[in-house]
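For reference, the chains in residue letters:
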Amino acid sequence: MNDLKGQLVSALLVVLTAAGLICAGINFQHQRRTRLADDGAIWVDRTSESGTRQVVALHLVEGGAAQFAGIKPGDVLVKIESFPIAAETDVTRVLARVGAYRDAQYTVRRTGMGGAEVEIKAKVVLREQSGGSARFYQYGVGLFYLAIGLFVYFRRARAAHATHFYVLCLASFVLSTFHYTGVLSGFDKVIYWGNVVAGLFAPTIFLHFCLTFPEERAAVRGKKQALLYVPALLITMAWLGVTSGVVRVSMSMVELRWLMDRGWLLFLSAVYLTGAVAATLASRRASDPIVRQQLKWLRNGAVLGVVPFTCLYAIPYIFGAVPGPYMNLAVLSLIFVPLTWAYAILRYRLMDVDVIFQQGFAYTLATLGVMGLFYTLVLTRGPVDELDPSVIALLIVGATFVFQPLRNSIQELLDRHVFYKDRYDYRQTLEEFARELSSETDMDAMLVSVADRLRRTLYIKNVGFFLLPEGAETFELIKYVSEENRLTPADRLDLSFLRPQAAEPLFFEQTGRTLDVVMRDWEPSARLTIARLDLTYYLPCRVRGRTIAFMGVSRSSTGDFLSGEDLELLTTLSGSVGIAIENARLYRSLQRKVEENERLKEFNENIVESLNVGIVAAGLDDCVESWNGQMEELTGIPRARAAGHPVRSLLPAALVNQLDALDGETVEHLYKVQFPPARAEEAFSVVANGGVIHSNGDGGSSQANGNGGNGHANGKTSNGNAKGAKERGARVVNVAVAPLVARDQKKIGRLILFDDVTERSELEQRLMQTDKLSSIGLLAAGVAHEVNTPLAVISSYAQMLAKQIAADDPKNRLLEKIAKQTFRASEIVNSLLNFSRTSKTEFEEVDLNRVIRETLSLIEHQLDKSGVEVREELDETLPAVRGNFGKMQQVFLNLFLNARDAMEAEGAPHEGGRILTVSTRTAGAQARIEVADTGKGIDAGDLARIYDPFFTTKGARKGTGLGLAVTYGIVREHGGTIEAESRPGEGTRFSLEFPPIRKPVHA
């Protein structure tokens, strides 16, 4: 729609230009042929005292023909020759018929002596109206205006303000070339109104241009611009109302026209000078030196052209002076307006002459064709002077719709046979290539192919492609093809001048000029990028109404700009390139999705493989669909040989019977099922296709009998490792069976989970043994109580006997031995009592800093041996708490030993060393202790279970899982809290808080 609108506007302007040229040419011929007679008097309509209408001499020109013939102001004109005069317009009509340089017999009435009216005849030698040379000069000024406008418009039709500037030049052309002849024909009326409207709107358009170039001011932004045209529109409507008779006034038409002419000159001068002031103010605010100079010359043109005209012609005329030869010379200064505009354009905005010539040639031929058609239609209707204005307007509208198709046809013929005849066939190939782009899915290959064809077909030096990544706001260079300039996507380029919302091509006339007007608001880095890329045109590649890429092309290899046909071709190709880029991106996105799905599938399989649980998925036919690595280790059967075979043939018969006894509709469990060992010499059999496969699990041979065929298998897993060769003892497993359902909750099989709890079962056995030992200790305590009594008796009697026997008696030595052995037995019994004694928990005031220091001293040797550095950050003002010293010591002992084990475990970081940090401080009203290590950390899933009894993350036989459970119980017993924070690979921090002892306050 934007292109269609632009073409329609261009066609309308060209047709209006052609119509203006035609009318100006006809008017120029009329001005040359028409020699209107001038009698040197100004005749106006007046109403006599009796109410009759009469024509009276208002003013006589000094030395004029009427004055020389004796006519005086106030004389009433009765007739000229034999033509009666009833209105002032009759004078103009009769003089046009009589002609200049002839004698005319005037009959006038004059009031004589005594008030009597006397009719007088006067012979007036008619002269020619002056001012012809000044009018012809204005034709030259108008043509200069039009040439400047066409020069800019052909070269930069899509540039900002180009259309506005051309409309200004066209209005100035009409103002300078449309001159009323006074013959009162229909064509003369068109010329008259064209001059009036152009005289009112040309200065308004100039003021509008000064206020909006190079950018709109806040005062005239948006709809406010329309207010600038309201005065000119109101004056035009008033002028039309008066001249048509809708608005009646008491003065004559000559006087009224004189008054309106004065007002028009005042309006023209004032608005032009206001535009000059606006340009001056804008030049002071402009930061770009080129814009500043353009605005200065725009102001200079208005000052040099309008100020002399205003002072020498407009002001005297406004104050009643009648224009004479010297006043008419004031129009000479008007040439300075287009001259200064031309200088500003050529000096500060150089254009390419070749492109103007090629485009202008096509427009000229099209204009001549339209003019020929226009004249043909006009001549069939009769003389131009007698045509009705509505017929002329209708012909202009018809020519508007004929011009653009005619121009396109002429441009195509010129490109084919004159300008681009040597590469026109290549252009056709390029158009066919645009239709083939969608079949290429590799973006890099597609862009290289496009760049190669463009350079070979249009002789373009540089081609670049800029892509807008998904979710980004700035474009990136993805491909640059050039013979000289070596740029890659890795180069740092500021592409902020490429806007995602851009829908029109960008044009940089001189890429090397970093102070170009178009680039004045951009960062220096963006200007430098434009110079480095050396691309003249940036064409947006749009898909579904959005710009996803830009295709940049430079001038031709000879330095010429591309033709309009080339740009239209590139615009079409850019759309195809955009579609091809979108297809390539979609294809690449699809490839990524496929790869992501593959990775997700592999990831899910890795999760299943990483689980420490055997997983078997079977279909409704009870054949294995999935068999993970843990099942390979548990059974010794590789996945490849288990897949597709019935579960009954792979698992122990006793277990299969138990599984078959379950209904399979809900999740059910079998606890501590004995699973037979998987040995190298143990074979398993699978019924398949009516035959039996025998395997030894040791990589040995196996035979398959079924359907008359045989096969061999080596008992390897999917990763090629022979798991079946490793002997394992009988295992204890917990089995869970759950239905396998699809997304629609329809059952498609069953899922069997095997949890190897052999080590947990062994731990339970050890705990039971420990419980037995505890019972033995209690029994020993009871026995010790009973044994102590006879030992005391034996010792007492032995001592008594020793006192009764002499010291040198040999029996004395035997009694000493009895007493000594009795004491030894008593010590053993007392040790048993101490071992089995359970002391009552007693709470007292405890210094936590002291507990920490003594606990660390107990395991100092172990920490040093493990290479653990202890950092103490103890607050000496830490309040005391109420608790049991021994149990609190047990809490910290468990935490310190766990920290040591975590820092020694596999996977613990070693960059910063093994550091155990113990800190105490007062947090609010609580005593807070933090124990932090740099160990391997705890997974998020395990962090919530660390206080569960028998849960441990340590290796086999390295922990019972009771330390933190006991620690949690002791902390809760003391009214405290314990929290753990941990991240895998970053260590663990335990935070403990205990309430302090509230000491009584004494008043």
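Fair warning: this is a prediction, and the values are worked out from it, not measured in the lab. (Residues numbered from 1 in each chain as written. Predicted model: local features only at pLDDT ≥ 70, side-chain atom pairs only at ≥ 80, totals over all residues. Heavy atoms only, no water.)

**Some thoughts on the overall build of the chain**
Inference 1: The helix and strand tally for the chain stands at 27 helices and 28 strands.
Inference 2: Every one of the 1003 residues in the chain was classed for burial, and the buried ones make up 43%.
Inference 3: The contacts of the chain with a sequence gap of at least 6 include a subset with a gap of at least 24, amounting to 66%.
Inference 4: Carbon together with sulfur atoms contributes 56% to the accessible area of the chain, which is approximately 54,200 Å² in total. (Helix = DSSP H or I, 4+ residues; strand = E, 2+ residues; numbered from the N terminus. Buried < 20%, exposed > 50% of the residue type's maximum accessible area, 1.4 Å probe, protein only. Contact = heavy atoms within 4.5 Å. Areas by Shrake-Rupley, 256 points an atom, 1.4 Å probe, with all protein chains shown as cover.)

**Quick word on the confidence of the model for the chain**
Inference 1: Taken residue by residue, the chain gives an average pLDDT of 76. The fraction at 70 or more is 75%.
Inference 2: Predicted confidence for residues 679–727 stays below pLDDT 50, and this span has 85 contacts to residues more than four positions away or in other chains. (pLDDT = per-residue confidence, 0-100.)

**As for the packing of helix α5 (residues 162–177) against helix α6 (residues 186–212)**
Inference 1: Where α5 meets α6, the closest approach of the two axes is 8 Å, and the angle between their N-to-C directions is 150°. One way to sum up the angle between α5 and α6 is to call them roughly antiparallel. For α5 against α6, the interelement crossing comes out left-handed. Judged by residue contacts, H164, F165, V167, L168, A171, S172, V174 and L175 of α5 engage G194, N195, A198, G199, A202, I205, F206, H208, F209 and T212 from α6.
Inference 2: Its residues assigned to classes, the contact of α5 with α6 comprises 11 nonpolar, 7 polar and no charged. (Axes fitted to C-alpha atoms, helices over the stretch in contact; angles between N-to-C directions. Parallel < 35°, antiparallel > 145°, perpendicular 65-115°, else oblique. Left-handed = near helix turned anticlockwise from the far one by under 90°. Nonpolar A, V, L, I, M, F, W, Y, C, P; charged D, E, K, R; others polar.)

**Observations regarding the packing of helix α25 (residues 885–904) against helix α27 (residues 963–973)**
Inference 1: One can describe the packing of α25 onto α27 by two numbers: an axis separation of 9 Å at closest approach and a directional angle of 145°. Crossing geometry of α25 relative to α27 is assigned as left-handed. Contacts between α25 and α27 pair K887, Q890, V891, N894, L895 and N898 from the former with G963, L964, V966, T967, I970, V971 and E973 from the latter.
Inference 2: Across the contact of α25 with α27, the residue classes tally to 6 nonpolar, 5 polar and 2 charged.

**Details of the nonpolar core**
Inference 1: Of all hydrophobic cores here, the largest spans 64 residues; its most connected members are F165, L200, F206, W264, L265 and W341.
Inference 2: No other element matches the 14 residues that α6 contributes to this core.
Inference 3: Here L265 is in contact with F309, Y313, A314 and Y317, once residues within four sequence places are set aside.
Inference 4: Membership of the second largest hydrophobic core comes to 33 residues, among which are L856, I929, L992 and F994. (Core = buried A, V, L, I, M, F, W, Y, C linked by side-chain atoms within 4.5 Å.)

**A look at the side chain of T536**
Inference 1: Tracing the sequence through the fold places T536 in the loop between α16 (524–533) and β12 (537–543).
Inference 2: In contact with T536, not counting residues within four places along its chain, are L506, F507, F508, T511, V553, S554, R555 and F561.

**Some remarks on the packing of aromatic side chains**
Inference 1: Inspection of every chain in the model, using the stated rule, returns 11 aromatic pairs.
Inference 2: Their ring planes at 40° and their centres at 5.4 Å tell us that F507 and Y537 sit as a pair that is tilted. On the criterion of sequence distance, the pair formed by F507 in strand β11 (residues 506–507) and Y537 in strand β12 is long-range, its members being 30 residues apart. We note that F507, like Y537, is buried.
Inference 3: Ring-pair connections join several aromatic residues into one group, and the members of that group are F466, F497 and Y538. (Phe/Tyr/Trp six-rings, centres within 6.5 Å; stacked < 30°, edge-to-face > 60°.)

**Here we look at the sheet that holds strand β26 (residues 926–933)**
Inference 1: With mixed pairing, the 5 strands of this open sheet are ordered in space as β23-β25-β26-β28-β27. A single partner strand is all that each edge strand has here, and the edge strands are β23 (868–873) and β27 (977–983). Here the average twist between neighbouring strands, direction ignored, is 15°.
Inference 2: Two elements, β27 and strand β28 (residues 987–994), share 7 bridges in a ladder whose sense is antiparallel. Considered in β28, the bridge of E981 is made with R989.
Inference 3: Against the sheet, helix α23 (residues 848–858) contacts β23, β25 (914–923), β26 and β28, and its axis sits at roughly 165° relative to β25.
Inference 4: Across the sheet, α25 lies against β23, β25, β26 and β28, angled at about 145° from β25, the strand it touches most. (Pairing = 2+ DSSP bridges.)

**Observations regarding the environment of M888**
Inference 1: You can see M888 is positioned in helix α25.
Inference 2: Given a relative accessible area of 1%, M888 falls into the buried group.
Inference 3: In this structure the C-alpha to C-alpha distance between M888 and L848, which are 40 residues apart in sequence, comes to 8.2 Å.
Inference 4: Discounting chain neighbours no more than four positions away, the residues touching M888 are L848, V851, H974 and F994.

**Overview of the pattern of salt bridges**
Inference 1: Scanning all chains against the criterion turns up 22 salt bridges.
Inference 2: D622 serves as the salt-bridge partner of R750, at 2.9 Å between the closest nitrogen and oxygen. In this pair, R750 is assigned in strand β21 (residues 747–756) and D622 in the loop between β14 (613–619) and β15 (624–627), connecting sequence segments 128 residues apart.
Inference 3: Between R871 and E869 there is a salt bridge whose closest N-O contact spans 3.4 Å.
Inference 4: Salt bridges sharing partners connect three or more residues here, namely R921, R928, E930, R989 and E993. (Salt bridge = Lys/Arg side-chain N within 4 Å of Asp/Glu carboxyl O.)

**Structural notes on a negative patch on the surface**
Inference 1: There is a patch of like negative charges on the surface, built from E842, E844, E845 and D847.
Inference 2: As for its placement among the helices and strands, E845 is situated in strand β22 (residues 844–846). (Patch = residues over 30% accessible without salt bridge, like charges linked within 9 Å, V, L, I, M, F, W, Y side chains within 5 Å. Lys, Arg positive; Asp, Glu negative; His and termini not counted. Charge placed at Lys NZ, Arg CZ, Asp CG, Glu CD.)

**Considerations on the environment of R35**
Inference 1: Along the polypeptide, R35 turns up in the loop between α1 (2–33) and β1 (37–38).
Inference 2: Here R35 is in contact with A100 and E128, once residues within four sequence places are set aside.

**Thoughts on the side chain of S795**
Inference 1: Inspection of the secondary structure puts S795 in helix α21 (residues 758–804).
Inference 2: Look at S795 and you get buried, because its relative accessible area is 9%.
Inference 3: In this view, S795 contacts T822 and F823; residues no more than four positions away in its chain are not counted.

**Let's talk about the pairing of β12**
Remark: a regular strand shows side chains that alternate across the two faces of the sheet.
Inference 1: Within β12, 6 of the 7 residues are buried, which leaves the element mostly enclosed by the surrounding structure.
Inference 2: Inspection of the sheet shows β12 paired to strand β13 (residues 546–553) by 7 bridges, in the antiparallel sense. Bridge assignment links V543 to a residue of β13, and that residue is R546.
Inference 3: Where β12 hands over to β13, the hairpin turn is made up of 2 residues, of which R544 adopts a positive phi near 55°.

**Looking at the sheet that holds β12**
Inference 1: One open sheet accounts for 5 strands, arranged β10-β9-β13-β12-β11; its pairing is antiparallel. Each having just a single partner strand, β10 (476–481) and β11 make up the two edges of the open sheet.
Inference 2: In this sheet, β10 lies alongside strand β9 (residues 463–467) in antiparallel orientation, the contact comprising 5 bridges. Residue G464 lies in a different strand from β10, and its bridge partner there is Y480.

**So, unusual backbone geometry**
Inference 1: Residue R544 is not a glycine yet carries a positive backbone phi of 55°.
Inference 2: Take R544: it is sitting in the loop between β12 and β13.
Inference 3: The phi torsion at D622 lies on the positive side, around 65°, for a residue other than glycine.

**A closer look at a nonpolar patch on the surface**
Inference 1: A surface patch of nonpolar side chains, amounting to about 490 Å² of accessible area, comprises L227, V230, L233, L234 and M237.
Inference 2: By the element assignment, M237 lies in helix α7 (residues 230–244).

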